[in-house]
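Listed below are the residues making up each chain.
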Amino acid sequence: MPANVPARILGVPLRSSVVLPVYAVLAFLGRMSAPHEGSLSLVWPAAGVALVWLLTLPTLRQRVAAAIATGALVALTGAPFGIAAGPLVLAGVAHAALGLATAGLLEALRSRRIDDRWLGSTRDAVDLVVAAVAGAAVTAPLGAAAASWSSRWQFELLWAWVARNAAGTVIVGSVLLLLLDRLANGPDDVGRTRTAVRLELLAHFVASVAFGWVVFGSTEGAALSFGCLAGATWAGYRFSPLVAAGASLVYATGAALATLAGFGPFSELPGEFQQTAVVQLFAAAGTMLALLLSLSVREHRAVARRLAHSEAEAREQAELFRAVAATVNESILVVGADGRVVMSNPAADRLVGRGRPLRHIEEITLGFQELDRSSVDPEGSLFARALKGETVHGHPYLHVHPVTGRESVQSVSAAPLAGGPGAPDSVVLLSQDVTTQQAQLAELQSFAGIVAHDLKSPLTSIVAWGELLQMEDEPARQQDGLERMLAAAFRMNRLIDDLLDYSRTTARKLGTEELDLDDLVGGLVAELDSELDRPVTVEHDELGTVVADPTLTKQTLTNLLRNAAKYVAPGVDPHIRVTSRPRGDMLAVTVADNGIGIPAEARHRVFETFYRAAHSYPGTGLGLAICKRAVERHGGEILVEDHPTSGTAITFTLPAAMTAAA
């Protein structure tokens, strides 16, 4: 509740020391409006001060003490007017009860509110009026009894008590509550500069004074008095609630004083109680009109600000979604229940190749087939299933581009977008090109089958020879069996090493650095000489420097040099030549040999896993596949080139260092 807001501004003792004198002065001025000694005061602005004071106190005990203090001040301010002690005490009790009743009722009405303002909405203003009227009505018998202590009972005292206290509470209390809101929350934004507001307020004041002079300057302006409501409307529509309520307080005070002095149309009513009661109720009505209008305008501005903020956020989210949808490679479609495309991203438009945004789902479904190339059943399509409320994830389709004829495998997902109760009114479709993944999966399945076969072959040989050795007694046959078992084990070990190398070329994180190929080839030649039992001649020019991963580059050159030294005709000494030449920002390295060569029809397959063009030579069929993976990881390419003489020439490219590229 906002009751703690003023407590942060002024402490309870300090606040009480300010409020009590103000209440005493207003009570004394109200007492002066009594038509004769001991009668009921005609106006009572102190009622609004008492309400605000009690509302700002945090505990019930403090509120009761403050109410008793207001009652005591009522009694003290009445003493100079010669009123007897009995009616003074009863009047004090009536005013104390009035403050407690009004404050209690208003807080009860606000108990379920979460506003941080005392008068933050039109509902708060209505609650204030209800509490003011109800509090005055409940305590009216006490007030009327005090006023008629030494005279006969008058029924008009009841409604006069209600009218004066309700008007004082509404007119004065609203200004004070709005002032507290201003201190706690700052000024209202009325959408204009302070200078413009002050100039218009001055114009409003001049016009109101002039019109009031006309209305209250004679006793014949009863009809014109309703024109004052136009001024209240002006104030409520154009100014902040505090300014509008403050202006109404000023004009209400002037109207009451003029009526008490015998001026204006209300002074012609029979009886002083009726005159002042009617003018106060009229002023309270004007105050409420201005206050309700001003609060409505403030609420409208707050709603407009929230709507503008929400609209800006929604626009930002939409722009962000469009930006994301435009950059992703996945196709995104939102399709209405009638098949009309509500939204499509550029990837979806490219999938169809229309050169314009998609309009109907039939434009894209025509290119989709099942993986077995059968047509898609319209009743069982993802779009139809999603319209029935089903969500489907990652269904594979074969897609044929209508313009290029390119075939791809698309993983399509569909989900309903519900716009309300019942069936969904639109469907979102997501399509992702998984051609590469499908090829890799097929390759992995083939790879696993070949690996299982090639690993099982030497194991079968080892097991078979082991079983024969158990039954063989001749040492020579045992020795032959052991040698065959060792050969099978070595073959298995070599296959496992190649599998590990192949795996590293795919999964290894690249760590590039500048590599001098002359030094690298020189070191590999020394290793090659120690491995082979025959002379190998390796020549190389000044090869230059590349920026590559040392391990993968060494693995590539090692495999190429070993193949060049291995695949030669019987009785021929290997002769290998390594050269290089720049190719754009890459360096092309060629390893040429005098070997048996690669048949033309096999050149495009030698880089496949486990493919072997020469089965009469030992090997696993992974060496060139390892080279291909390693080179492609660097953004290069590898291929078999034509050799001017017999033999093989394999060229691969790697990123050249700046010095090499220059």
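Every value quoted in this text rests on a predicted model; they were computed, and no experiment measured them. (Residues numbered from 1 in each chain as written. Predicted model: local features only at pLDDT ≥ 70, side-chain atom pairs only at ≥ 80, totals over all residues. Heavy atoms only, no water.)

Q: When you look at the overall build of the protein chain in this model, what are you seeing that I'm missing?
A: Within the protein chain, the secondary structure is distributed over 20 helices and 13 strands. Within the protein chain, contacts between residues at least 6 apart in sequence are counted, and of these 67% link residues at least 24 apart. Accessible area of the protein chain: about 33,900 Å², with a carbon and sulfur share of 61%. (Helix = DSSP H or I, 4+ residues; strand = E, 2+ residues; numbered from the N terminus. Contact = heavy atoms within 4.5 Å. Areas by Shrake-Rupley, 256 points an atom, 1.4 Å probe, with all protein chains shown as cover.)

Q: Can you walk me through helix H6 (residues 122-147) in this structure?
A: At 3.6 residues per turn, the α-helix brings residues three or four places apart onto the same side. Taking 1.5 Å of rise per residue, 26 residues should cover 38 Å, and H6 covers 35 Å from first to last C-alpha, within 8% of that figure. The largest bend along H6 reaches roughly 50 degrees and is located at Ala140, with the proline Pro141 sitting one to four residues downstream. (Expected span 1.5 Å × (residues − 1). Bend = angle between axes of the 7 residues up to and from the residue.)

Q: Whenever I open this one, the layout of surface pockets confuses me. Can you help?
A: It is a probe the size of a water molecule, rolled over the atoms, that shows where empty space is left. One number sums up the size of the second largest pocket: a volume of about 720 Å³. When residues of the lining of the second largest pocket are traced back to their parent elements, those giving at least two are helix H8 (194-216), helix H9 (228-238), helix H10 (241-260) and helix H11 (272-327). At 9 residues, H8 tops the list of elements feeding residues into the lining of the second largest pocket. A per-class count over the lining of the second largest pocket returns 23 nonpolar, 10 polar and no charged. (1 Å grid on protein atoms, 1.4 Å probe; cavity = no way out; pocket = protein on both sides within 12 Å on 5 of 7 lines; lining within 4 Å. Points joined across faces, edges and corners; volume = space filled by probe spheres on them. Nonpolar A, V, L, I, M, F, W, Y, C, P; charged D, E, K, R; others polar.)

Q: Before we go on, may I ask you to explain unusual backbone geometry in this structure?
A: Residues apart from glycine generally show negative phi values, whereas peptide bonds are mostly found in trans. A positive phi angle, near 70 degrees, is found at Arg373, a position not held by glycine. With respect to the element layout, Arg373 can be found in the loop between strand S3 (368-369) and helix H14 (382-387). By relative accessible area, which is 47% here, Arg373 ends up partly exposed. (Buried < 20%, exposed > 50% of the residue type's maximum accessible area, 1.4 Å probe, protein only.)

Q: I would appreciate a short explanation of the sheet that holds strand S5 (residues 407-417) in the present structure.
A: For sheets, the rule is that strands pair by backbone hydrogen bonds, running either parallel or antiparallel. Spatially, S2-S1-S6-S5-S4-S3 is the arrangement adopted by the 6 strands of the open sheet, whose pairing is antiparallel. The sheet is open, and its two edges are formed by strand S2 (341-344) and S3, each paired on a single side. Across 3 bridges, strand S1 (residues 331-336) lies against S2 in antiparallel orientation. The residue bridging Leu333 from the neighbouring strand is Ser344, located in S2. (Pairing = 2+ DSSP bridges.)

Q: Looking at this structure, how should I read the environment of Leu249?
A: Position of Leu249 among the secondary structure elements: in helix H10. On the basis of relative accessibility, which here comes to 25%, the residue Leu249 falls in the partly exposed class. Along the backbone, Leu249 and Gly168 are 81 residues apart, and their C-alpha atoms lie at a distance of 9.6 Å.

Q: I'm lost on the packing of helix H4 (residues 60-78) against helix H5 (residues 85-109) in this one. Help?
A: In a packed pair of helices, the relevant descriptors are the angle between the two axes and the axis-to-axis distance. Close contact between H4 and H5 brings their axes to 8 Å; oriented N to C, the two are set at 145 degrees. Note on packing geometry: the crossing formed by H4 with H5 is right-handed. When H4 is examined against H5, the residues Arg63, Val64, Ala67, Ile68, Thr70, Gly71, Val74, Ala75 and Gly78 are found in contact with a partner set consisting of Leu88, Ala91, Gly92, His95, Ala96, Leu100 and Glu107. (Axes fitted to C-alpha atoms, helices over the stretch in contact; angles between N-to-C directions. Left-handed = near helix turned anticlockwise from the far one by under 90°.)

Q: Explain the nonpolar core here, please?
A: If you look at soluble globular proteins, the nonpolar side chains tend to sit buried side by side. One finds Tyr23, Trp44, Leu55, Trp161, Leu177 and Leu291 to be the most contacted residues of the largest nonpolar core, which totals 54 residues. Elements represented by at least two residues in this core include exactly helix H2 (12-32), helix H3 (46-55), H4, H5, H6, helix H7 (156-185), H10 and H11. If you tally residues by element for this core, the top one is H7, at 10 residues. If you look at the next biggest cluster of nonpolar residues, it comprises 35 residues, including Ile576, Val578, Val591 and Val631. (Core = buried A, V, L, I, M, F, W, Y, C linked by side-chain atoms within 4.5 Å.)

Q: Honestly, the pattern of salt bridges in this entry has me stumped. Any pointers?
A: A side chain of one charge can pair with a side chain of the opposite charge if their charged atoms are brought near each other. For the coordinates displayed, the defined rule picks out 13 salt bridges. Across the pair Arg123 and Asp127 runs a salt bridge whose closest N-O atoms are separated by 3.3 Å. Placement of the pair is Arg123 and Asp127 together in helix H6, with a separation of 4 residues, close to one helical turn. A relative accessible area of 46% places Arg123 in the partly exposed class. The closest approach of N and O atoms between Glu390 and Arg385, which form a salt bridge, is 2.8 Å. Glu390 sits in the partly exposed class, given a relative accessible area of 33%. Overall, Arg385 belongs to the partly exposed group, its relative accessible area being 24%. Shared partners join several salt bridges into a network, and the residues in it are Glu539, Asp541 and Arg577. (Salt bridge = Lys/Arg side-chain N within 4 Å of Asp/Glu carboxyl O.)

Q: Honestly, H4 in this entry has me stumped. Any pointers?
A: When the terminal C-alpha atoms of H4 are compared, their 27 Å separation across 19 residues agrees well with the 27 Å that a helix rising 1.5 Å per residue should span. Taken together, the buried positions of H4 are Arg63, Ala66, Ala67, Thr70, Gly71, Leu73, Val74, Ala75, Thr77 and Gly78.

Q: What should I look at first to understand the packing of H6 against H7 in this one?
A: Two numbers describe how H6 lies on H7: the axes approach to 7 Å, and their chain directions differ by 140 degrees. Classified by the angle their axes make, H6 and H7 are oblique. For the pair H6 and H7, the crossing hand works out as right-handed. Between H6, through Leu128, Val129, Ala132, Val133, Ala136, Ala137, Thr139, Ala140, Pro141, Gly143, Ala144 and Ala147, and H7, the contact on the second element is made entirely by Leu157, Leu158, Trp161, Val162, Asn165, Ala166, Thr169, Val170, Ser174 and Leu177. (Parallel < 35°, antiparallel > 145°, perpendicular 65-115°, else oblique.)

Q: Would you mind showing me how to read the side chain of Thr287 here?
A: Along the chain, Thr287 turns up in helix H11. Excluding residues that lie within four positions of it along the chain, Thr287 makes contacts with Ile171, Ser174 and Ser248.

Q: Before we go on, may I ask you to explain the confidence of the model for the protein chain in this structure?
A: Predicted coordinates in regions of low pLDDT should not be interpreted in detail. Looking at the protein chain as a whole, the pLDDT averages 79, with 77% of positions reaching at least 70. The lowest-confidence element of the protein chain is helix H1 (residues 4-9), averaging 46 in pLDDT; the highest-confidence one is strand S13 (residues 649-655), averaging 92. Every residue in residues 1-9 scores below 50 in pLDDT, and together they form 17 contacts with partners more than four places removed in sequence or on other chains. (pLDDT = per-residue confidence, 0-100.)

Q: It is not clear to me how the sheet that holds strand S12 (residues 638-641) should be interpreted in this structure. Could you clarify?
A: If you walk across this open sheet you meet the 5 strands as S8-S10-S11-S13-S12, and the pairing is mixed. On the outer flanks of this sheet lie strand S8 (537-540) and S12, each paired with one strand and no other. This sheet shows a mean twist of 20 degrees between the axes of neighbouring strands, independent of strand direction. Judged from the 7 bridges that link them, strand S11 (residues 586-593) and S13 form a sheet pairing that is antiparallel. Along S13, the bridge assignment pairs Val591 with Ile650.

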